[in-house]
Amino acid sequence: MEKQKKERSEISIWHSILTEDVFSDLSSKHEGLSRKEVERRLEKYGPNEISDDDKNNPVLIFLKQFKSGLVYILIAAGIISALFGKMIDAYVILAVLLLNAVMGFVQEYKAEKAIKALKRLIVPTVKVYREGTLFQISAKTLVPGDIIFLEEGDRIPADARLFYTKDFRTSEASLTGESVPVGKDIEILDKETDLADRKNMIWMGTFVAGGKAKAVVVATGKDTVFGTIASDIKHVEKKGGHFEEKIGMLSRQMAIFAFSGALIIFTLSLLFSGISINEIVHMSEGFRETLLFSIAALVSGIPEGLPAILVILLAIGATRMAKRNAIIRKLPATETLGVTDHIVTDKTGTLTKNTMNVRSVLLSGEDEVRVTGEGWNPYGEFYIGDQHILPLRDSRLEKLLYIAGICNDAKLTKDEDEKDRYKIIGDPTEAALVVLAEKAGIKEEILIKEQKKVDDMPFNSKLKYRASLSVLLEDENNKQLYVVGAPEEVIKNVTHIEDKQGVRKISSAEKKKMLLRVNGLTDKAMRTIALAYKPLPKDTKEISYSMAKGLTLVGVVGMMDPPREEVKDAVEKAYRAGIRVVMITGDHKGTALAIAKETGIIKEGREKALTEKELLKMSEKQFETAVKDVDVFARTTPHMKLKIAKCLQEKHGAVVAMTGDGVNDAPAIKQADIGIAMGISGTDVTKEAGEIILADDNFASIISAIEEGRIVFTNTRQTTSFLVTTNIAEDIVLIISVLLRFPLPLIPTQILWLNLITDSVAGFPLAVEPGHGNILNRPPRDKKENILSAEIIPFFILMTAVMAVLSILVFNTIHEGDASLGRARAGVFTIMAFTQLFNAINMRSIRESVFKIGFFSNKYLILALLFAVILQLAVIEIPFFQNVFGFGGLTFKEIISLIGLSSSVFIFAEIYKYFRYR
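Report follows, based on the coordinates. (Residues numbered from 1 in each chain as written. Predicted model: local features only at pLDDT ≥ 70, side-chain atom pairs only at ≥ 80, totals over all residues. Heavy atoms only, no water.)

**What to know about the environment of Ile343**
Then step 1. By the secondary structure assignment, Ile343 is in strand S9 (residues 342–345).
Then step 2. Sequence separation of Ile343 and Val571 is 228 residues, and the distance between their C-alpha atoms is 9.7 Å.
Then step 3. Among all residues touching Ile343, those that are not within four sequence positions of it are Ile579, Arg580, Val581, Val582, Ala657, Thr659, Phe699, Ile702, Ile703 and Ile706. (Helix = DSSP H or I, 4+ residues; strand = E, 2+ residues; numbered from the N terminus. Contact = heavy atoms within 4.5 Å.)

Structural data, given as structure tokens:
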């Protein structure tokens with residue numbers, strides 16, 4: 001017996017065994033547990049709460065932010081700068097490092113709050129039977145075997161098996177993805193029944209939508225379904241982000257460039273200056289100058305402003321995304337979106353509006369009324385075919401609308417925060433009927449004046465309908481029973497139908513035909529509700545379900561959670577951008593397929609959906625193939641969503657953006673390369689697990705964010721390439737001058753000033769460059785592609801060569817001896833400064849001509865270049881600065897000529913782009 005109990009507990013088949021066996025296995029009874037037994041079980045199972053095991057040390061998290069190759073190089077550069085008295089450079093580097101560390105710390109410390117948010121879903125108190133008496137106790141003290149009592153409005157405190165229900169329904173959308181409340185009963189189910197279809201079970205963290213129930217607790221805390229979700233969240237190992245990986249590679253590349261350049265300059269200087277071993281040992285003045293110059297070259301070879309520019313790039317991208325309703329919680333996610341090639345999306349609330357809208361009304365004969373309008377807003381039009389109709393002028397439709405307005409308990413109210421938005425109180429299905437009535441002008445105040453509800457029976461899950469007794473105030477003796485419910489149940493009890501001429505008997509053939517028309521709506525993923533009535537004797541004061549016989553049918557409504565209008569276009573954009581869209585939902589297969597077809601997710605030749613039950617029967621190889629070939633997965637649990645996301649990443653090399661709003665989505669959202677949570681309908685759990693929050697819950701905003709992510713990477717590549725070109729060109733000029741035994745064309749102070757002005761003043765505006773062309777018409781980049789890739793190398797070599805050749809030629813032309821050395825250096829400085837400024841214009845786009853993208857479309861760069869020109873001219877023309885930097889004066893004509901020569905960088909770049917990318 002004990003072995004049998006253990007097996008049942010471990011494989012969680014409480015839904016498939018007799019209620020008596022559940023009580024027996026849990027050693028419980030209907031009167032509840034004794035206090036002594038509760039204490040024993042609390043000690044065994046622990047409190048009914050989800051532990052977050054929060055061991056994150058803030059100090060360690062902060063120190064971890066300095067774990068980066070580029071950071072190590074900058075620390076070295078800062079120390080060297082300080083040792084040689086370049087304190088301004090040292091302070092700038094220190095400020096950049098601290099800024100990066102603080103931002104990283106804040107992001108990471110906030111990132112691990114998902115489990116804490118999950119804990120907030122556990123209710124503080126619960127109604128429980130102990131030794132035959134009903135108590136309200138702390139939910140933390142709940143144990144397996146406890147008997148709980150639940151009614152409308154309660155949040156469920158633990159996983160439990162139902163043994164008594166009365167019209168009981170629960171809202172499980174946050175856990176299973178089911179968009180409407182689920183009717184519950186106590187019937188035994190098949191062992192293989194999906195979690196979302198276990199109607200005799202209730203789950204921690206979900207809500208009671210209606211009715212009453214008693215249940216025996218089978219799992220608490222970490223053993224509940226929510227507990228397994230917490231475990232999945234906790235054990236998801238978030239890999240280093242794509243952007244961090246690419247920055248690591250860039251750091252190594254920059255280190256190689258900087259150290260190689262400095263080493264070459266140092267070696268050549270020693271060889272060509274004739275410094276002896278003895279001078280090196282005794283640190284002679286000549287050797288110290290060579291060493292100092294080599295270290296200065298090393299410092300100049302590291303673009304100190306790069307980390308700050310990268311942070312600004314990401315921040316600007318995040319700001320742009322925020323304007324398009326995508327809120328970035330972790331800055332590196334901004335760029336990772338640029339390589340996303342799979343969007344895995346939930347259905348309810350993401351692709352759809354998470355509302356119920358009546359789309360069609362089937363009346364007698366062949367008439368079908370189409371209803372427009374979206375969301376809970378009570379505005380819409382009524383059409384038969386293409387003809388607009390006034391609904392209250394059709395007696396059939398008028399009667400249906402009055403029944404819809406009266407026979408429910410839902411309320412429609414205006415949102416206090418946004419007056420143009422409406423919200424509902426109550427069952428979404430019933431609310432859809434209220435909205436339908438209001439679209440025709442039948443509002444609550446009108447109903448109260450024209451009809452009075454005397455009695456009301458709630459929805460009965462066995463009979464599948466609800467009823468209301470109404471008095472028509474025009475004739476107070478006229479009482480009618482109104483019935484709404486499942487078409488197959490209501491039509492079974494119908495004897496008459498209302499048509500255009502009035503009420504008449506309905507034949508069996510007409511009933512069958514109406515049910516076939518209803519099937520047509522269900523094939524379109526609509527939820528169908530039949531509406532009927534029956535005159536009652538004037539002395540009737542209360543009703544019973546048994547009265548729902550001999551009804552008169554007025555019509556059937558078809559409602560659905562409609563797709564968002566912009567989703568279809570957004571999905572098409574995703575496919576054009578080379579991004580596959582996959583839907584994973586807890587909803588039924590038919591509903592999922594219908595929405596997938598309507599939104600364009602399913603393409604020709606891929607019209608297939610799989611449920612979790614079907615996936616679990618597959619071998620590992622078959623599962624991998626299914627994940628690759630099928631775009632819709634239905635009736636899935638949170639763990640299966642996580643498994644699919646992992647398979648896409650690990651087996652198919654995908655970069656996955658996962659979207660969702662419910663608790664059931666949180667583990668997969670954390671696992672994904674980019675987790676995207678819904679901002680309006682999303683739970684706190686989901687928001688804390690994700691890197692991005694959609695302010696408008698709109699799938700189309702994901703595509704906008706991906707577009708911005710691609711722009712961020714493009715700007716990162718162009719800005720970085722500009723900085724590298726600048727620094728390498730300087731090193732090459734120095735190396736060539738040493739080889740040619742020229743005096744050094746630039747001294748350390750001049751190089752550092754040149755870097756300060758060109759790297760920062762011209763580099764930062766490149767970070768705000770807008771996107772060019774339709775960037776979404778290109779496929780995603782290869783995730784292995786580095787920031788400095790093979791594509792940029794020919795351009796990089798061309799620009800570097802032009803800068804170096806011009807600098808050496810100018811130096812050789814002006815330099816005629818020691819007296820002219822200051823003028824020659826001023827000439828080289830001018831060439832280097834202006835070629836780099838012209839190259840900043842080139843780097844606005846590596847592919848597109850500046851004339852095509854608009855010369856003045858980046859106003860920040862134009863202003864920055866003007867400012868840089870003023871600063872550079874001031875340094876070489878104002879006597880005070882000439883003395884500080886060791887420059888000789890240049891004539892106005894020489895300056896104009898040098899600027900003209902520098903513009904050749906721009907001309908060569910335009911020619912290169914034309915021939916390479918035409």
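**What about the pattern of salt bridges?**
Opposite charge on two side chains allows them to pair when their charged atoms are near.
Then step 1. The full count for this structure, using the stated rule, is 37 salt bridges.
Then step 2. In this structure, Lys127 and Asp154 form a salt bridge, with 3.0 Å as the shortest nitrogen-oxygen distance. Taken together, the positions of Lys127 in strand S1 (residues 125–130) and Asp154 in the loop between strand S3 (147–151) and strand S4 (159–171) put the pair 27 residues apart, joining distant regions of the chain. Residue Lys127 shares its accessibility class with Asp154, and that shared class is buried.
Then step 3. A salt bridge links Asp409 to Arg466, with the nearest nitrogen and oxygen atoms 3.5 Å apart. Here Arg466 lies in strand S17 (residues 465–472) and Asp409 lies in the loop between helix H15 (395–406) and strand S14 (411–414), a separation of 57 residues in the sequence. (Salt bridge = Lys/Arg side-chain N within 4 Å of Asp/Glu carboxyl O. Buried < 20%, exposed > 50% of the residue type's maximum accessible area, 1.4 Å probe, protein only.)

**Brief notes about the packing of aromatic side chains**
Then step 1. Tallying each qualifying case throughout the model produces 14 aromatic pairs.
Then step 2. Arranged with centres 5.4 Å apart and planes meeting at 50°, the rings of Phe795 and Tyr912 form a pair that is tilted. On the criterion of sequence distance, the pair formed by Phe795 in helix H29 (residues 793–814) and Tyr912 in helix H35 (residues 904–917) is long-range, its members being 117 residues apart.
Then step 3. On the basis of relative accessibility, which here comes to 14%, the residue Tyr912 falls in the buried class.
Then step 4. Each member of the aromatic cluster is reached from another via a ring pair, and the members are Trp753, Phe829, Phe885 and Phe887.
Then step 5. The ring of Phe135 carries Arg35 above its face, with NZ or CZ at 5.2 Å from the centroid. (Phe/Tyr/Trp six-rings, centres within 6.5 Å; stacked < 30°, edge-to-face > 60°. Lys NZ or Arg CZ within 6 Å of the ring centre and 35° of its normal.)

**A few points about the sheet that holds strand S24 (residues 609–611)**
Then step 1. Taken together, the 8 strands give an open sheet; going across it, the order is S8-S28-S27-S26-S9-S23-S25-S24, and neighbouring strands pair in mixed fashion. In the strand order of this sheet, the two ends are held by strand S8 (326–328) and S24, each with one partner. When strand polarity is set aside, the average angle formed by the axes of neighbouring strands in this sheet is 20°.
Then step 2. Helix-sheet contacts for helix H21 (residues 589–599) involve strand S23 (580–584), S24 and strand S25 (632–634), and the interaxial angle to S25 is about 155°.
Then step 3. Where helix H24 (residues 638–650) meets the sheet, its contacts fall on S9, S23, S25 and strand S26 (656–660), and the angle it forms with S26 comes to roughly 165°. (Pairing = 2+ DSSP bridges. Axes fitted to C-alpha atoms, helices over the stretch in contact; angles between N-to-C directions.)

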